[in-house]
Amino acid sequence: MRFAEPVILWALFAVPLLALLFVYAGLRRRRALGAFAGSEAHLARFEGEVSTHRRAAKAIAVLVAVTAAIVAAARPQWGQGTETITRKGIDLAIVLDTSKSMAAADVAPSRLARGVRAASSLLDRLEGDRIALVTFAGKAAVSCPLTLDHEAVRLFLDAVDVEAVSVPGTALAAAIEAGVRALGPLSTEGTEAKGRALIVISDGEDHEGGVEGAIAAAKRAGVVVYGIGCGTDQGAPIPQGESGAYKKDAQGKLVTTRLDERPLRNLAIETGGKYYRSTGAEGEVDEIAKALAA
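Asker: If you had to explain the overall build of the protein chain to someone new, which residues and values would you point to?
Answerer: When helices and strands are counted, the protein chain shows nine helices and 12 strands. For the protein chain, the proportion of contacts with a sequence separation of at least 24, taken over those separated by at least 6, is 76%. Accessible area for the protein chain stands at about 16600 Å²; split by element, carbon and sulfur atoms hold 57% of it.

Structure follows, in structure tokens:
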């Protein structure tokens, strides 16, 4: 037998002290009774009115109860065995758009900052789930493979910026396919997942096409896609570096980027997920977390 909290057993040294306290109390009662009776001759008459055996039995019962409580608090354990535990969390890939258009500030402080905050808030609401992070612009890259360490994913999120992927552009289909690959095979030995999902955070711009093929790949892999659109219908110019200048076309006019919800909505609807527009209150994050938990 072993004890989970053996330090508590030191309290057993208090049991003899408690026994001495009962003995001392009995002697005090006898002396007080003798003083009341006035002599030993009268003491016997008063002692017969109280059962000393019952008092002794009560004292022993208290000592046994205290001893048992201390031993129980030390959590005695015996025997051993093995148990196979099957993980039942979901496998989730966060697919984050880091293209130049995500630097637009039509939502404060910027589209990318809003998307990073949404992803970070989602991490706070998920427990026991494996999470991967995929960033994309002109091509997609797995920034963090599937892991149960959500703080590791958060570290990669904190380092994301519009320079995270060196190839310019927006390849949404490639990002979806990379996210599906990051989730691994549909079934893994020793793992039983409740579900597999992608969270695509983007302004919806797509320069490469092929989204239909990415939808088919997600369906084959049993992946549900949830979309979060960052931006507004009015749009905003695209910042160029830290100089304060904005991107212009060949005629010298400002290039305005606008939120395009169609590809994100199609991805979600076709795979059984939902599309949400990003908000400052992050209600969409709560809704996605509830859907994933279900």
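Asker: Let's hear about a positive patch on the surface: which residues, and what values?
Answerer: Judged by side-chain charge, R29, R54, R55 and K58 come together as a positively charged surface patch. Here the positive patch takes three residues from helix α3 (residues 52-73), the largest share from any one element. Locating R55 in the fold gives a position in helix α3.

Asker: Tell me about a nonpolar patch on the surface, and name the residues and values.
Answerer: Taken together, V7, W10 and F13 make up a surface patch of nonpolar side chains, about 410 Å² in accessible area. For F13, a relative accessible area of 59% puts it in the exposed group.

Asker: Break down helix α7 (residues 211-220) for me, citing the residues and quoting the values.
Answerer: Of the positions making up α7, those classed as buried are V211, A214, I215, A217 and A218. Mapping the buried residues of α7 onto a view down its axis gives an arc of 160°, with all of them on the same face. Opposite the packed face of α7, turned more than 90 degrees from it, sit the exposed residues E212 and R220. Phi for G222, located one or two positions after α7, is positive at around 70°.

Asker: Describe in detail the packing of α7 against helix α8 (residues 262-271), supporting the description with residues and values.
Answerer: A pair of packed helices is characterised by two quantities: the angle between their axes and the separation of those axes. Remark: α7 packs on α8, axes separated minimally by 10 Å, with the N-to-C direction vectors making an angle of 30°. By the angle between their axes, α7 is roughly parallel relative to α8. Regarding α7 and α8, the two cross each other, and that crossing is right-handed. Mapping the contact onto sequence places V211, I215, A218 and K219 in α7 and N266, L267, E270 and T271 in α8. Along the lines of polarity and charge, the residues of the contact of α7 with α8 split into four nonpolar, two polar and two charged.

Procedures and definitions
- Residues numbered from 1 in each chain as written.
- Predicted model: local features only at pLDDT ≥ 70, side-chain atom pairs only at ≥ 80, totals over all residues.
- Heavy atoms only, no water.
- Helix = DSSP H or I, 4+ residues; strand = E, 2+ residues; numbered from the N terminus.
- Contact = heavy atoms within 4.5 Å.
- Areas by Shrake-Rupley, 256 points an atom, 1.4 Å probe, with all protein chains shown as cover.
- Patch = residues over 30% accessible without salt bridge, like charges linked within 9 Å, V, L, I, M, F, W, Y side chains within 5 Å.
- Salt bridge = Lys/Arg side-chain N within 4 Å of Asp/Glu carboxyl O.
- Lys, Arg positive; Asp, Glu negative; His and termini not counted.
- Charge placed at Lys NZ, Arg CZ, Asp CG, Glu CD.
- Buried < 20%, exposed > 50% of the residue type's maximum accessible area, 1.4 Å probe, protein only.
- Arc of directions from axis to C-beta.
- Axes fitted to C-alpha atoms, helices over the stretch in contact; angles between N-to-C directions.
- Parallel < 35°, antiparallel > 145°, perpendicular 65-115°, else oblique.
- Left-handed = near helix turned anticlockwise from the far one by under 90°.
- Nonpolar A, V, L, I, M, F, W, Y, C, P; charged D, E, K, R; others polar.

All we've got here are geometric facts, nothing functional implied.
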